[in-house]
Structures are given as C-alpha cells and as structure tokens.
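Residue-level structure breakdown
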Amino acid sequence: MNELESAQAQEVMESWFRQVTTPGSRLLSHGVVPKIEPKFVSCNFEEKTVTLSFDVLEWELNPQNVIHGGIIATAFDTTLGLLCHYFTKPQVVITVSLNTTYHKPIFMGDAFYIKAKMEFQGGSLCNITGDAWTQNNSVLAASATAVFKALREMQHNPLV
Ligand SMILES: CCCCCCCCCCCCCC(=O)SCCNC(=O)CCNC(=O)[C@H](O)C(C)(C)COP(=O)(O)OP(=O)(O)OC[C@H]1O[C@@H](n2cnc3c(N)ncnc32)[C@H](O)[C@@H]1OP(=O)(O)O
C-alpha cells in the first residue's frame, strides 16, 4: 500500500468509526451498547487499532462504588468486537472468548479509554487484545484478550 492509499484507508476507517458511534446510529439504537455510551477517540489503519472512551455512569457501579467488572468486560467486548467487525464486515462477528484482567479500580467521575489491537486475522478467527486506561492515561486499569469469529452467514445480523 502506498502513502496515498494508506491515507485514504485511514480516512475511510475514521469516518466509519465516527458514523457507527454517532448517537442514533444502528449500533447505538438498541440493546446494551448505547447504555455504556461508547465514544470514538482515534484509530490507526496501519496498526489496526481503535480507541474508544467510556464515562463511568452511576448505574454501572458495584456495591463498593467502583465500576462493575462486567461493565468493563462489556466495554472490551464492544471495542474489540467493533474493531473486528471493521476488518471482517459484512460478516457477522461473534465473541468466542473474552478474558479480562482487572488491575486497578475505576471510580465514579473517571473516564476510561480502551485501545484495541488486531493481533491476528485468520480465515474466520481474529485474535484481538485491549488495554483500558483511566482518564489521563496514567493508570492501566484492565487488560483483555479475545477471540472473535466472523460467521459466513449474514442473515442473523441486523446491523449489516
Ligand atoms: C452499524 C454496524 C455496526 C456493527 C457492529 C458490530 C459490533 C460488534 C460489537 C459487539 C460485539 C459483541 C459480540 C457478542 O456479544 S456475540 C454473543 C456472545 N457469543 C456467542 O453467543 C457465541 C456462542 N457460541 C457459538 O455460537 C459457537 O460456539 C461458535 C459460533 C463460536 C462456534 O461454533 P461453530 O464453529 O459450530 O459455528 P459455525 O461457524 O458453524 O457458525 C454457526 C453457529 O454460529 C452461531 N450463531 C449464529 N448467529 C449468531 C449470532 N448472531 N450470535 C451468536 N451466535 C450466533 C450459532 O451457534 C450457529 O450454530 P447453529 O445454531 O447453526 O448450530
């Protein structure tokens, strides 16, 4: 890929992520994803990465008043799954496995950033990793590794 093609691919990728994360988009129209309010931050076509941000919302707290681990897992699933979807669309993407490790608590009033990276894209399986950083990028709060499968059939996917 030459420099011009690379710049164009970057522009297309950014435009797609901005569009799917705009309020009212199909991704954000129903179900769990809009409730955690993903926001597009940046992406890099060459590196196959994307970063989304999430505010900690009151309903997401656990009884100790830190964000529930299941919410962080959902944010990882969404960010890593979306990146996978970008490189495999129009196929349906489903999560085969998602392993999350929690390093530090994230508190109400914080925002966290998830950077996902496509580590390997095979014929139907994708290995994607992610890190969650708190607001000022100073604290690594959680990490995840996931395997996604791009299904051949498209009829199950209302999103494409
Ligand atoms: C605007 C655009 C935005 C786009 C956004 C994308 C955002 C993503 C961000 C969010 C990411 C969140 C992502 C999530 O939350 S995905 C939800 C959590 N994951 C699952 O439910 C996976 C369950 N496991 C399996 O289905 C099987 O073990 C797999 C498929 C892994 C391997 O098993 P095998 O190797 O045998 O598969 P095959 O290639 O023959 O495939 C057939 C199988 O596939 C299935 N299966 C089929 N359809 C769906 C479906 N819709 N949703 C879920 N499963 C579906 C169905 O079982 C079927 O089997 P059968 O019933 O025929 O026997």
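Notes on the structure in this doc start here. In this text the structure is predicted, and so the values were computed from the model without any measurement.

1. Comments concerning helix α1 (residues 3-20)
The first and last C-alpha atoms of α1 sit 26 Å apart over 18 residues, in line with the 26 Å expected at 1.5 Å per residue. Those residues of α1 that fall on the buried side of the exposure criterion are Ser6, Ala9, Gln10, Met13, Trp16, Phe17 and Val20. Axial view of α1: buried residues confined to an arc of 130 degrees, hence all on one face. Opposite the buried face of α1, by more than 90 degrees, sit the exposed residues Glu3, Leu4 and Glu11.

2. Observations regarding the pairing of strand β2 (residues 49-55)
The buried fraction of β2 is high, at six of seven residues. Hairpin connection, strand β1 (residues 39-44) to β2: the antiparallel pair is bridged by four residues, and lysine 48 has positive phi, about 55 degrees. The pairing of β2 with strand β4 (residues 111-121) spans seven bridges and is antiparallel. Note that in β4 the partner of aspartate 55 across the bridge is alanine 111.

3. Topic: the nonpolar core
Ranked by internal contacts, the top residues of the largest apolar core, which has 41 residues, are Phe17, Leu83, Phe112 and Ile128. Of the residues forming this core, the biggest block, ten residues, is contributed by helix α2 (residues 69-88). Beyond its immediate sequence surroundings of up to four residues, phenylalanine 17 is in contact with Phe40, Cys43, Val50, Leu82, Leu83 and Tyr86.

4. Here we look at α2
For α2, with 20 residues, the first-to-last C-alpha span of 28 Å sits near the 28 Å given by 1.5 Å per residue. The buried fraction of α2 amounts to 16 of the 20 residues, a majority that puts the element mostly inside the structure.

5. With respect to the site of the ligand
Around the ligand, a shell composed of 14 residues is seen, among which His85, Ile94, Thr95, Lys149 and Leu151 lie nearest. Taking threonine 95, its main chain carries an N or O atom lying 3.0 Å from a nitrogen atom of the ligand. Within the side chain of lysine 149, a nitrogen or oxygen atom sits 3.2 Å from an oxygen atom of the ligand. Considered on its own, the ligand offers 1,200 Å² of accessible surface; in the complex 50% of this is hidden by protein. Among the elements of the structure, α2, β3 (92-102) and β6 (140-151) are those that each provide at least two residues to the shell around the ligand. Counting residues per element, the shell around the ligand draws most heavily on α2, which supplies five residues. Class assignment for the residues of the shell around the ligand results in seven nonpolar, five polar and two charged.

Quick notes on the rules
Sequence positions are assigned chain by chain, starting from 1 and proceeding in written order. Whole-chain, interface and lining totals are the exception, using all residues; otherwise, since this is a predicted model, local features are given only for residues with pLDDT of at least 70 and side-chain atom pairs are given and counted only at 80 or more. In computing side-chain properties, one takes all heavy atoms of the structure into account and sets aside hydrogens as well as water. Strands here mean DSSP runs of E at least two residues long; helices mean DSSP runs of H or I at least four residues long; both are numbered from the N terminus. Take the number of residues in a helix, subtract one, and multiply by 1.5 Å to get its expected span. Three exposure classes are used, based on accessible area relative to the maximum for each residue type with a 1.4 Å probe and protein chains only: buried under 20%, partly exposed in between, and exposed over 50%. The arc in question is traced by the directions running from the helix axis to the C-beta atoms. Two strands pair if DSSP finds at least two bridges between them. The set of buried Ala, Val, Leu, Ile, Met, Phe, Trp, Tyr and Cys residues whose side-chain atoms join them within 4.5 Å is what this entry labels a nonpolar core. Should any heavy atoms of two residues lie within 4.5 Å, those residues are counted as being in contact. To be near a molecule or strand, a residue needs just one of its heavy atoms within 4 Å of it. Residues adjacent in sequence count toward polar contacts only when both atoms are side-chain atoms; beyond that, a polar contact is any pair of N or O atoms within 3.5 Å, and within protein one must be able to donate a hydrogen and the other to accept it. For accessible areas, the Shrake-Rupley method is used with a probe of radius 1.4 Å. Any residue's cover is judged against the shown protein chains and nothing else. Charged residues are taken to be Asp, Glu, Lys and Arg, nonpolar residues to be Ala, Val, Leu, Ile, Met, Phe, Trp, Tyr, Cys and Pro, and polar residues to be all remaining types, Gly included.

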